[in-house]
Amino acid sequence: MQLNPEQDRAVKHGEGPLMVLAGAGSGKTRVLVQRIAALVGRGVHPSRILAVTFTNKAAGEMKERLGEMLGYHARPMWIGTFHSTCARLLRMFHEEVGLSPDYNIFDDDDQMRLVGALLKERNLKEEATPRSVLSAIGSAKNKGEDPVEYNKLGYLAAVISIIYPMYRGALVREDAVDFNDLLLKVRDLFAHKVVGPQLRQRFEHVLVDEFQDTNPVQYNLVQGFVGDTRNLTVVGDDDQSIYSWRGAEPRNLLDFKRDYPDSEEVKLEQNYRSTKVILAAANGVIINNQDRHRKQLWTDRDGGELVLWEEVRDERAEGDFVACAIEGLVAEEGREWGDMAILYRTHAQSRVLEEMLRSRGIMYKIVGGVSFFQRREVKDIRAYMRLVSNPAADMSFDRIVNVPARGIGKTTVDHVRYYAKSKNISYLEGARDAARGEVPEVKAAARKKLKHFLDIIDGLASVKKAGASVSEFLIQVVERSTYRERLEKEGTTDASDRVNNLAELVSMASDFDDETDGEGTLAEFEERISLASSADSEDGRGSAVTMMTVHAAKGLEYPIVFVVGMEDGLFPSIRENRDTLASEDRKDLEEERRLAYVAFTRAMDRLVLTSARVRRKWADVKITTPSRFLHEIPEDCLAIRTRPDPEPENTTFRRRPARAGKFSGDSYDSTSQYSDVPMNCTAPGRQRKAFGGAGGDEFDQRSEYKEFPTYSVEGEVAYESCDEFNFDQSAEFVEIAAGATVRHKSFGLGRVVTSQGQGKNQKLAIDFSTVGVKTVMARFVDPVF
DNA sequence: TATTCGCACTTTTTT
DNA sequence: AGTGCGAATA
């Protein structure tokens, strides 16, 4: 495909700031990739290019494409999310920010537990919920401000001023950072007298995708990375800004013009994705927003079906309709399941849809939801990993000291905790003392059990020390902790699901080992897990209908898109009992509208919207009003179809009688109203491919069942030595030249003055900030840049 | 100390 | 409706 003149201009832009205002479906990803390739072609060293994407998945795709175009030259490029980029930098500069190289990243769940525990400790549970505290802390940190100061006037001021210092203390003790710290610590690095200037000069070109979704801290980071070169490319679309609740400021697009007045601006207004009708529908909605740059998206894709708005009775009818329509599209138009996506505003809506699809034997996959990595058993195993890497990981200790149950009760743990706190040592150390009998409250029986637990941890530590690969280590965790054994003894389906999840985790670890030639560390694997978003796990394998939230659909496209639950209160989502100002309401509504815009513009050929007259929320039933956005769609784009209730007007709503079986969804087929929809449903009996049995749950976002790799439990695992990896790394080998910054194990950071010799025998004269100029073999230092 | 039961809370969106 | 937590019980 040829580039259009505007795209071409963006790709060919040389030095200096560039802003690309890219509408939905305008090929911005392609432009970005080509631009990077063009920079390399122009002689920019690949390792001096930083590209920031919104998701890890987008980063992966970009890497892949550049890999194809540039071969191994693409490898040294820095391509990733803000978070993964910062994690990488923090690993390099861990000392400067006071972290170990194996530092932990606290995810949502960890933070919640921690704050919950702190609130409990201070008897503040009445005053605030962990969620509210964290969101107050988070909104401050998103702006780069001090949480206590920032919330000084809010109703949580008192709680935050007590909890936040404790929270921060706990993170320091546990050698951990939260998501925001990841960015803030790197921002702080810019002020470091040695590292700061280096960081500023590190990149010659910086490119940021989805710029409308960056928050102030991220913008600061960008400015730091750009340094004096001013070679910054930002790509964004203010109409697709849907993360302001996470601190994103679409105003960054305006600020960019202020901060870089000499920037060139390119507008990509031709849409290559959607039909005219779909685009007109999306435009019709978005023009109702006040706060936006005017943009005129256009397409030359004539024709296409009208957007269909199907009004149905309730969410079951909605699911049934969608399932039917899918069948019809497969039968009539020869579409494949993989061509279709169902988008919803909230995860909670997925359940009914799932049920209805399943009852018709339609394969589906769900993106997001409860992430694989958040499952209890996976988190437990991760806690073992953490505790072994970092004995001070008290939260991890708490989590697994008695998991699986080994008879260490609450009272024992309380004694250990109290003792550890009073001596200012970690819980694990406390447990050691207790096991040795130094804590009188812990009696012999409990001591023995603690000893047993410590033996497990120490055993794992020795496995790690022996140089086990990550997957080997995980296998040892699963075995030595008796986790798998216990689960298998349970014999329930739930337990065997969990075993499968553990197998999946091990196999991911083994993929990781392969990828890193066995050189990846536990901490790196854990980092990857922590930063993996639920949307990343999507593997395009097989043909299945994709279900996800609108947020997760950002950047994706499908020939056919269903957007379900188009009702006021749901989409746009309106939270009740909220005491915000009217202007906030408008802002929220505008964001919801942008969300609708994103949803609609995912569709290439056909867009189907549904609304239910009645929707169950929790236990009760609510009568709904169709989404106001539906009325904003130009009439000539829209086909509206309302189905009357099959029952007489004034019958009261009858509850579906409770069934004995777990799922009653199958009963719906016979009453389906939709066998005559123009998308022509086939009869429910004619299913192309069914999977599983009724109520079976074997199809979800996880990949298929994998056996545990074979291994020996007894005897020592033979760990290969690892001194031959260097050869393959030549592609990434960076010649250390005078002026480079390097790190030495004992001398710390220094700057290379002169260099002598090559390869293994290269000698460097280095000016260390600690000890002055020293001559060192190059292989004893790590190039920082 | 382990297990079980009942209650409260959840549900907007996620790196 | 499903989960997680705390209290009550074995």
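These notes cover the structure that comes with them. Small disclaimer: the values here were computed from a predicted structure and weren't measured.

1. What about the packing of aromatic side chains?
Stage number 1. Counted under the stated rule, the structure contains 13 aromatic pairs.
Stage number 2. When the centroid spacing of 5.7 Å and the interplanar angle of 80° are considered together, the rings of Phe397 and Phe453 count as edge-to-face. Remark: Phe453 occurs in helix H20 (residues 444-465) and Phe397 occurs in helix H17 (residues 394-400); sequence separation between them is 56 residues. Each member of the pair Phe397 and Phe453 is classed as buried.
Stage number 3. Members of the aromatic cluster, connected to one another through ring pairs, are Trp78, Phe190, Phe203 and Phe225.

2. Side note on the pattern of salt bridges
Stage number 1. As enumerated under the stated definition, the model contains 64 salt bridges in all.
Stage number 2. Connected via shared salt-bridge partners are Asp107, Asp109, Asp110, Arg113, Lys379, Asp380, Arg382, Arg386, Arg399 and Glu526.

3. A word on the sheet that holds strand S17 (residues 638-642)
Stage number 1. A sheet is described by the order of its strands in space; here seven strands give the open sequence S11-S12-S10-S13-S14-S9-S17, paired in parallel fashion. A strand with exactly one partner marks an edge of an open sheet, and here the two such strands are strand S11 (364-366) and S17. Going from strand to strand, the sheet's axes swing by 20° on average, the running direction of each strand aside.
Stage number 2. Here strand S9 (residues 307-312) runs beside strand S14 (residues 603-612); their pairing, made up of five bridges, is parallel. Counted as the bridge partner of Glu310 is Thr610 from S14.
Stage number 3. Those strands touched by helix H13 (residues 276-286) are S9 and S14, and its axis lies near 50° from that of S14.
Stage number 4. The strands touched by helix H14 (residues 315-333) are S9, strand S10 (340-344), strand S12 (545-549), strand S13 (558-563), S14 and S17; relative to S14, the strand with the most contacts, the crossing angle is about 155°.

4. Concerning the environment of Gly739
Stage number 1. Here Gly739 is to be found in the loop between helix H28 (667-670) and strand S18 (741-744).
Stage number 2. For the pair Gly739 and Glu174, spaced 565 residues apart in sequence, the C-alpha separation works out to 36 Å.
Stage number 3. Apart from the residues lying within four places of it in its own chain, the contact partners of Gly739 are Arg751 and Val752.

5. Points about the nonpolar core
Stage number 1. In terms of nonpolar packing, the biggest core is built from 52 residues, with Phe397, Phe453, Phe473, Leu474 and Phe525 touching the most fellow members.
Stage number 2. A per-element tally of this core places H20 first, with eight residues.
Stage number 3. Not counting the four nearest positions on each side in its chain, Phe453 is found in contact with Leu387, Phe397, Ile400, Val401, Arg406, Ile408 and Leu428.
Stage number 4. With 41 residues, the next largest nonpolar core counts Val97, Leu199, Val208 and Phe211 among its residues.

6. With respect to the environment of Gln198
Stage number 1. Among the structural elements, Gln198 can be located in helix H10 (residues 195-202).
Stage number 2. A C-alpha to C-alpha distance of 62 Å links Gln198 and Arg313, two positions 115 residues apart in sequence.

7. Focus: H14
Stage number 1. The end-to-end C-alpha distance of H14, which contains 19 residues, comes to 26 Å, matching closely the 27 Å that a straight helix rising 1.5 Å per residue would cover.
Stage number 2. Across the 19 residues of H14, 16 count as buried, placing the element largely inside the fold.
Stage number 3. Of the residues trailing H14, Gly334 is marked for its positive phi of about 65°.

8. Re the sheet that holds strand S7 (residues 232-236)
Stage number 1. If you walk across this open sheet you meet the six strands as S3-S2-S6-S7-S1-S8, and the pairing is parallel. Two strands close off the open sheet at either side, each with one partner strand: strand S3 (78-80) and strand S8 (264-268). For this sheet, the mean angle separating the axes of adjacent strands, direction not counted, is 10°.
Stage number 2. Pairing analysis gives three bridges linking strand S2 (residues 49-52) to S3, with the strands arranged parallel. By the bridge assignment for S3, Ala51 is matched with Ile79.
Stage number 3. Relative to strand S6 (residues 205-208), helix H11 (residues 216-226) is tilted by about 160°, and along the sheet it contacts S2, S6 and S7.

9. Remarks on helix H21 (residues 470-480)
Stage number 1. Counting buried positions along H21 gives nine out of 11 residues, so the element sits mostly inside the fold.
Stage number 2. Looking only at H21, the buried set comprises Val470, Ser471, Phe473, Leu474, Ile475, Gln476, Val477, Val478 and Glu479.
Stage number 3. Contact partners of the buried residues in H21: helix H16 (376-389), H20, helix H22 (483-490), helix H23 (493-515) and helix H24 (522-531).

10. Looking at the pairing of S10
Stage number 1. Of all five residues that make up S10, five are buried, and the element is covered over most of its length.
Stage number 2. Here S10 runs beside S13; their pairing, made up of four bridges, is parallel. In the strand pairing of S13, Ile342 is matched with Phe562.
Stage number 3. Summarising the sheet, S10 and S12 pair through four bridges and their orientation is parallel. Each bridged residue has a counterpart across the sheet, and for Tyr344 the counterpart in S12 is Thr549.

11. A closer look at the packing of helix H4 (residues 82-92) against H11
Stage number 1. Orientation of H4 relative to H11, taken along the N-to-C sense of each, is 55°, at an axis distance of 12 Å. With respect to their mutual orientation, H4 and H11 come out oblique. Crossing geometry of H4 relative to H11 is assigned as left-handed. The segment H4 lies against H11, with Phe82, His83, Cys86 and Leu89 engaging Gln218, Leu221, Val222 and Phe225.
Stage number 2. Along the lines of polarity and charge, the residues of the contact of H4 with H11 split into six nonpolar, two polar and no charged.

What counts, and at which threshold
Residues numbered from 1 in each chain as written. Chains lettered and ligands numbered in written order. Predicted model: local features only at pLDDT ≥ 70, side-chain atom pairs only at ≥ 80, totals over all residues. Heavy atoms only, no water. Phe/Tyr/Trp six-rings, centres within 6.5 Å; stacked < 30°, edge-to-face > 60°. Helix = DSSP H or I, 4+ residues; strand = E, 2+ residues; numbered from the N terminus. Buried < 20%, exposed > 50% of the residue type's maximum accessible area, 1.4 Å probe, protein only. Salt bridge = Lys/Arg side-chain N within 4 Å of Asp/Glu carboxyl O. Pairing = 2+ DSSP bridges. Axes fitted to C-alpha atoms, helices over the stretch in contact; angles between N-to-C directions. Contact = heavy atoms within 4.5 Å. Core = buried A, V, L, I, M, F, W, Y, C linked by side-chain atoms within 4.5 Å. Expected span 1.5 Å × (residues − 1). Parallel < 35°, antiparallel > 145°, perpendicular 65-115°, else oblique. Left-handed = near helix turned anticlockwise from the far one by under 90°. Nonpolar A, V, L, I, M, F, W, Y, C, P; charged D, E, K, R; others polar.

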